[in-house]
Each structure stands twice: as structure tokens, then as C-alpha cells.
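Per-entry structural report
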Amino acid sequence: MYALIVPASTPFVLLATVLGLSWWEDRILPTAERVEPVEAPAEGPLTPMPPAPLTELLSVDTPLTREVARR
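Let us look at the structure shown here. (Residues numbered from 1 in each chain as written. Predicted model: local features only at pLDDT ≥ 70, side-chain atom pairs only at ≥ 80, totals over all residues. Heavy atoms only, no water.)

1. Quick notes on the overall build of the protein chain
Along the backbone of the protein chain there are two helices and zero strands. When each of the 71 residues of the protein chain is scored for burial, the buried share is 1%. Accessible area of the protein chain: about 7600 Å², with a carbon and sulfur share of 68%. (Helix = DSSP H or I, 4+ residues; strand = E, 2+ residues; numbered from the N terminus. Buried < 20%, exposed > 50% of the residue type's maximum accessible area, 1.4 Å probe, protein only. Areas by Shrake-Rupley, 256 points an atom, 1.4 Å probe, with all protein chains shown as cover.)

2. As for helix H1 (residues 2-27)
A turn of α-helix holds 3.6 residues, and therefore any two residues three or four places apart point the same way. Counted at 1.5 Å a residue, the expected span for H1 with its 26 residues is 38 Å, and the 35 Å between its end C-alpha atoms agrees. Roughly 40° is the biggest bend found in H1, and it falls at Thr10, with proline Pro11 one to four residues downstream. (Expected span 1.5 Å × (residues − 1). Bend = angle between axes of the 7 residues up to and from the residue.)

3. A short note on a nonpolar patch on the surface
A cluster of nonpolar side chains, namely Leu21, Trp23, Trp24, Ile28 and Leu29, defines an oily patch on the protein surface of about 500 Å² accessible area. Relative to the elements of secondary structure, Ile28 occurs in the loop between H1 and helix H2 (66-70). Given the relative accessible area of 45%, Ile28 is considered partly exposed. (Patch = residues over 30% accessible without salt bridge, like charges linked within 9 Å, V, L, I, M, F, W, Y side chains within 5 Å. Salt bridge = Lys/Arg side-chain N within 4 Å of Asp/Glu carboxyl O.)

So, in C-alpha cells, the structure goes:
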């Protein structure tokens, strides 16, 4: 009989563990208000790089020669 109870109760034990950890994270761990503010980074915000220019795509039947390989 115990062989049937343990596998059947496993999902409930896992759910209780996740809910308990969630409660512990919300109530016990320090929140952002209690933690000292982190200094701003010395660098400015990153600016996105412009996209690299696309090279001409080769067709499937193009033979691979040295000239084509240099592109």
C-alpha cells in the first residue's frame, strides 16, 4: 500500500516545496528597499551597433573558387 502512496503524493510534495520557497523568497529574503543601492556604472549606456552589411549570397550551383572564397 505504501508503494502506491509515495508516487501519488510526489506532485503534491513538489508543489508544496515550490510554494514554500516562493513564500520564503517574498517574506524572508531582503527586498530592494532594504538593500543598499548599487552605484551607477562608470560607463554610459550602451548604444546599439549598426547592423553589419550583408554580403552577396552565393547560389547553390556556384563553384567554390579562390575568387568566390575571398568574398
